2 protein chains.
Amino acid sequence: MPNNPTAAIIVIGDEILSGRTIDSNVNTIAKFLGALGIDLLEVRMIRDDEAQVVSTVNALRNTHEYVFTTGGIGPTHDDITADCIAKAFGVDISEHPAALKALTDRALKMGWALNDNSRRMARIPHGAELISNPVSAAPGFQIGNVFVMAGVPKIMEAMLEDVVHRLRTGNTVLSRTIKLSYVGESSAADALREINGRYTDLSLGSYPYGLSLDGAFGTQLVVRGQDAERVDAAVNELKAALVSVVEQGKARNPLASFEEITA
Amino acid sequence: MPNNPTAAIIVIGDEILSGRTIDSNVNTIAKFLGALGIDLLEVRMIRDDEAQVVSTVNALRNTHEYVFTTGGIGPTHDDITADCIAKAFGVDISEHPAALKALTDRALKMGWALNDNSRRMARIPHGAELISNPVSAAPGFQIGNVFVMAGVPKIMEAMLEDVVHRLRTGNTVLSRTIKLSYVGESSAADALREINGRYTDLSLGSYPYGLSLDGAFGTQLVVRGQDAERVDAAVNELKAALVSVVEQGKARNPLASFEEITA
């Protein structure tokens, strides 16, 4: 959408690319950004590889207003994200007093001694601002337009709470969904194309579902845009067009129907 | 791993980046490639945007042995992947006789008339080989080293069956996992780093879990590599080192323990 901030996500971790772990952070961040009117334009998932992390961060931070990274800021030898970010920005990295205090306070509270590995999580690139971690203390950080967060979903979600007030917001996208049941996607394609041709400021999408065991199938038709009146008008035109689509669909399947849903 | 083929995935679809849809294909393809000894090095998720699809395909097909795309090959106006791939390869696109036959046969079998929108799914870039779709007939295709597949997970999975015999396989990666319970990730970091320093041909990873409602937490330690004897030796050393880690961990939490699991 014009003038909205743009964003990219970098998911860092061998465990994602090996298939060992299923990422869930992309969807969480995508919804978070959508609610703020920030347009997520790209996601990259890469390995714990210094050259790849550095080049990906530098490519995306120069082309998007915001970059969010997840993963690789824990205490073990394969947690290389903080060092890679320092390298990407050409700055030094060392223990950050507030980060060390957060880790020390947590260790005291838990009755632990802070070992050298945990202490490693206090190393923060120079010039970065911390992102607080109310779950397990080890902070993320913001440097320039890059937000470096944990990979563990509960920690990442908590960190977003400390990021939200730092972001420029845009116009949020309104979305309305019509569920077209027992009618194939291709039957609605003419109406969608025709309406989208006249509403070029909106995005009309079509998402088939089904192939489920009970035989249910159909298509969800989604109208998205920033202007409520335009979205309403397009939805009304779409509904009018679907009356005849469903009428014809009944010849194939008597269960053919449509209704607006909250998706 | 040296000499293994490398691969990248491109997930194409506004619905992923808006957060409307949660991708599950990346994990399916990652596991599929892992079993074949093909190293997945990168995933990119992008919008249904011609310039972005063309440039991403061209960037990745020149740097990886294989590229897999999902999404955007349906019958509606926002399904632009086939045209983008033709543009990326600089070839024309038109109806493919075998693709049209598959769609016509399916329509006949279902008692449908094939409408122009469905017929659009028979358009295939010149020089491509079809990928069969036993679920809903509309084929994917392979052109050069790029495999273009559907976004609907059940269809994508079925298409992989027709892709597997076209791929050069590599050495599969063996993986063994030790679950360290009620001990923090940082307590095992020294042992991991030390062993990984001597087994540079292996990959040792550490993945914390927990923060669950029942209070269980810990770390899964994963040893990965191609040489079974080396993997076994490293696992044995790791287990030996964990005996004292757990002994110390019991001072913090009497439930501290470790065991090998099938992850």
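Along each chain, residues carry numbers from 1 onward, in the same order as the chain's sequence is written. Whichever chain is written first becomes A and whichever ligand is written first becomes 1, with later ones labelled in order. For a predicted model such as this one, the threshold for reporting local features is a pLDDT of at least 70, and the threshold for listing and counting side-chain atom pairs is 80 or more; totals across whole chains, interfaces and linings nevertheless cover every residue. Note that the side-chain values use all heavy atoms of the structure and ignore hydrogens as well as water.

Colleague: What am I meant to see in the overall build of chain A here?
Modeller: What chain A contains, in helices and strands, is 9 helices and 12 strands. Here chain A has a C-alpha radius of gyration of 23 Å; the compact-globule value for 263 residues is 18 Å, and the former is much larger. Counting only C-alpha atoms, chain A reaches 70 × 40 × 35 Å along its principal axes. Each residue's exposure class comes from its accessible area (1.4 Å probe, protein chains only) as a fraction of the maximum for that residue type: buried when under 20%, exposed when over 50%, partly exposed otherwise. Across the 263 residues in chain A, those meeting the buried criterion constitute 52%. Considering only intrachain contacts with a sequence separation of at least 6, the fraction spanning at least 24 residues in chain A is 69%. Carbon and sulfur atoms make up 52% of the accessible area of chain A, which amounts to about 11,200 Å² in all. Charge convention: Lys and Arg are scored as positive, Asp and Glu as negative, and His as well as the terminal groups of each chain are ignored. The location of each charge is read from NZ of Lys, CZ of Arg, CG of Asp or CD of Glu. Positive and negative side-chain charges of chain A, numbering 24 and 32 respectively, have mean locations separated by a distance of 2 Å. The numbering of helices and of strands both runs from the N terminus, where a helix is a DSSP run of H or I of at least 4 residues and a strand a run of E of at least 2. Computation of the radius of gyration draws on C-alpha atoms, with the globule rule given as 2.2 Å multiplied by the number of residues to the power 0.38. Any pair of residues with heavy atoms lying within 4.5 Å of one another is described as a contacting pair. Each accessible area is a Shrake-Rupley estimate made with a 1.4 Å probe; only the visible protein chains count as cover when residues are assessed.

Colleague: What am I meant to see in the relation of the copies chain B and chain A here?
Modeller: The operation relating the two chain copies consists of a rotation about an axis and a shift along that axis. The two copies are related by a screw operation: chain B maps onto chain A through 180° of rotation and 0.0 Å of translation along the axis, at an RMSD of 0.0 Å. Put plainly, the chains are arranged around a two-fold axis. When each C-alpha of chain B is compared by its distance to the rotation axis, arginine 44 of chain B comes out closest, at 2.3 Å. A shared interface surface links the copies, since 100% of the contact residues of chain B are contact residues in chain A too. In superposing the copies, a least-squares fit is computed on C-alpha atoms, taking residues whose pLDDT is at least 70 in both.

Colleague: Teacher, can you tell me more about the pattern of salt bridges here?
Modeller: Two side chains of opposite charge can pair, provided their charged atoms sit close to one another. By definition here, a salt bridge exists when the distance from a side-chain nitrogen of Lys or Arg to a carboxyl oxygen of Asp or Glu is within 4 Å. In the structure shown here, the tally under the stated rule is 29 salt bridges over all chains. The salt bridge partner of aspartate 232 of chain B is arginine 176 of chain B, with a shortest N-O separation of 2.6 Å. With a gap of 56 residues between them, aspartate 232 of chain B in helix H9 (residues 228-252) and arginine 176 of chain B in strand S9 (residues 174-181) connect regions that are remote in the sequence. When salt bridges that share partners are traced, they join Arg176, Asp232, Lys239 and Glu260 of chain A into one network.

Colleague: Mind showing me how you'd approach the UniProt feature "domain: MoaB/Mog" (unreviewed entry) in chain A here?
Modeller: UniProt positions are given in the numbering used here, feature names are shortened, and annotations may be inferred rather than shown by experiment. With numbering aligned to this structure, UniProt lists the feature "domain: MoaB/Mog" (unreviewed entry) at residues 8-170 of chain A. Helix makes up 39% of residues 8-170 of chain A and strand 21%, and the two end C-alpha atoms of the span are 15 Å apart.

Colleague: Would you take a moment to explain unusual backbone geometry for this structure?
Modeller: Residues and elements named next belong to chain A. Phi at alanine 137 takes a positive value of approximately 80°, unusual for a residue other than glycine. For alanine 137, the location among the structural elements is in the loop between strand S6 (129-131) and strand S7 (140-143). On the basis of relative accessible area, alanine 137 is assigned to the buried category, the value being 12%. A positive phi angle is found at tyrosine 182, which is not glycine, with a value near 55°.

Colleague: What am I meant to see in helix H7 (residues 153-161) of chain A here?
Modeller: Count 3.6 residues to each turn of an α-helix, and residues three or four apart come out pointing the same way. Within H7 of chain A, the full set of buried residues consists of Ile155, Met156, Ala158, Met159 and Leu160 of chain A. On its buried face, H7 of chain A is in contact with helix H2 (25-36), strand S3 (66-70), S6, S7 and strand S8 (146-149) of chain A.

Colleague: Even after reading the chapter, I still don't get the interface of chain B and chain A, so can you show me in this structure?
Modeller: Reports of interface size often rely on the accessible area that becomes lost once the parts have come together. The interface is formed by 59 residues belonging to chain B together with 59 residues belonging to chain A. Buried area: the accessible surface (1.4 Å probe) lost by two parts on joining, summed over both. Taken together, the two surfaces of chain B and chain A that pack against each other cover about 5,000 Å², and 50% of this comes from carbon and sulfur. Linking chain B to chain A there are 0 salt bridges. Nitrogen and oxygen atoms within 3.5 Å of one another constitute a polar contact, given that in protein one can donate a hydrogen and the other can accept it, and given that sequence-neighbouring residues count only through two side-chain atoms. At the boundary of chain B and chain A, one finds 26 residue pairs in polar contact (both at pLDDT 80 or more). Looking at the side of chain B that touches chain A, the elements with two or more residues in it are helix H1 (14-17), helix H2 (25-36), strand S2 (39-46), helix H6 (116-119), helix H7 (153-161), helix H8 (185-198), strand S10 (203-209) and strand S11 (218-225) of chain B. The classification used treats Ala, Val, Leu, Ile, Met, Phe, Trp, Tyr, Cys and Pro as nonpolar, Asp, Glu, Lys and Arg as charged, and all other residues, Gly among them, as polar. Grouping the constituent residues of the side of chain B that touches chain A by class yields 23 nonpolar, 19 polar and 17 charged. One bridge is not enough; two strands pair if DSSP finds at least two bridges between them. Where strand S2 (residues 39-46) of chain A and S2 of chain B come together, 5 bridges link them in antiparallel fashion. Within S2 of chain B, the residue paired with methionine 45 of chain A across the bridge is valine 43 of chain B.

Colleague: Hey, could you run me through the domain arrangement of chain A in this one?
Modeller: An automatic or database domain assignment is the source of the domain bounds shown. Along its sequence, chain A is carved into domain 1 (6-166) and domain 2 (174-261). Spacing between the C-alpha centres of domain 1 of chain A and domain 2 of chain A amounts to 39 Å.

Colleague: How do you make sense of the packing of aromatic side chains when you look at a structure like this?
Modeller: Between two aromatic rings, the relevant description is the distance of the centres plus the angle of the planes. Residues and elements named next belong to chain A. Only centres within 6.5 Å qualify two rings of Phe, Tyr or Trp (six-membered ring in Trp) as a pair; their planes then separate them into stacked at under 30 degrees, edge-to-face at over 60, and tilted for everything else. Summed over the entire model, instances satisfying the criterion amount to 6 aromatic pairs over all chains. Note on phenylalanine 68 and phenylalanine 147: the rings are 5.2 Å apart at their centroids and 20° apart in plane angle, and the pair reads as stacked. Highlighted residues: phenylalanine 68 in strand S3 and phenylalanine 147 in strand S8, separated in sequence by 79 residues. A residue is classified by how much of its surface remains accessible, and phenylalanine 147, at 0% relative accessible area, is buried. What links up through ring pairs into an aromatic cluster is the set Tyr66, Phe68 and Phe147. The rule for a charge over a ring is simple: NZ of Lys or CZ of Arg within 6 Å of the ring centre, and within 35 degrees of the ring normal. For arginine 61, the ring lying beneath its charged end belongs to phenylalanine 89, and the centroid distance is 3.8 Å.

Colleague: How should the sheet that holds S7 of chain A be read in this particular structure?
Modeller: For sheets, the rule is that strands pair by backbone hydrogen bonds, running either parallel or antiparallel. Across the sheet, which stays open at both edges, the 12 strands sit in the order S6(A)-S7(A)-S8(A)-S3(A)-S1(A)-S2(A)-S2(B)-S1(B)-S3(B)-S8(B)-S7(B)-S6(B) with mixed pairing between neighbours. Looking along the sheet, the strands with just one partner apiece sit at the ends: S6 of chain A together with strand S6 (129-131) of chain B. Put simply, the sheet's adjacent strands are angled 20° from each other on average, direction ignored. Pairing of strand S1 (residues 6-12) of chain A with S2 of chain A involves 7 bridges; the strand directions are parallel. Following the sheet pairing, alanine 7 of chain A is matched in S2 of chain A by leucine 40 of chain A. Whenever a helix is involved, its axis is fitted only over the stretch in contact; in every case the axis is a line through C-alpha atoms, and angles between N-to-C directions fall within 0 to 180 degrees.

Colleague: Help me understand the pairing of S11 of chain B, please; the structure alone is not making it clear to me.
Modeller: Working note: regular strand, side chains alternate between the two faces of the sheet. Residue and element names in this part refer to chain B. Judged by how many residues are buried, S11 sits mostly within the fold: 7 of 8 residues are covered. Where S9 and S11 come together, 8 bridges link them in antiparallel fashion. Bridge pairing in S11 places arginine 176 opposite valine 223. In this sheet, S11 lies alongside S10 in antiparallel orientation, the contact comprising 7 bridges. If you follow tyrosine 207 over to S11, its bridge partner there is glutamine 220.

Colleague: What is the right way to look at the side chain of aspartate 162 of chain B in this model?
Modeller: Residues and elements named next belong to chain B. As for its placement among the helices and strands, aspartate 162 is situated in the loop between H7 and S9. On the accessibility criterion, aspartate 162 (19% relative accessible area) is buried. A polar side-chain atom of aspartate 162 sits 2.8 Å from the main-chain amide nitrogen of serine 132. Here aspartate 162 is in contact with Leu130, Ile131 and Ser132, once residues within four sequence places are set aside.

Colleague: Explain the packing of helix H3 (residues 50-61) of chain A against helix H4 (residues 81-89) of chain A here, please?
Modeller: For any two helices packed against each other, the geometry comes down to the angle between their axes and how far apart the axes lie. All names here are of chain A. Their axes nearest at 9 Å, the elements H3 and H4 cross at an angle of 50°. Of the possible angle classes, the one that applies to H3 and H4 is oblique. Handedness of the H3/H4 crossing: right-handed. Here H3 contributes Glu50, Val53, Val54, Val57, Asn58 and Arg61 to the contact with H4, which in turn contributes Cys84, Ile85, Lys87, Ala88 and Phe89. Residue classes in the contact of H3 with H4 are distributed as 7 nonpolar, 1 polar and 3 charged. Just so you know how the angles are binned, under 35 degrees is roughly parallel, over 145 roughly antiparallel, 65 to 115 roughly perpendicular, and the rest oblique. For any helix crossing, the convention is left-handed if the near helix is rotated counterclockwise from the far helix by under a right angle, and right-handed if that rotation is clockwise.

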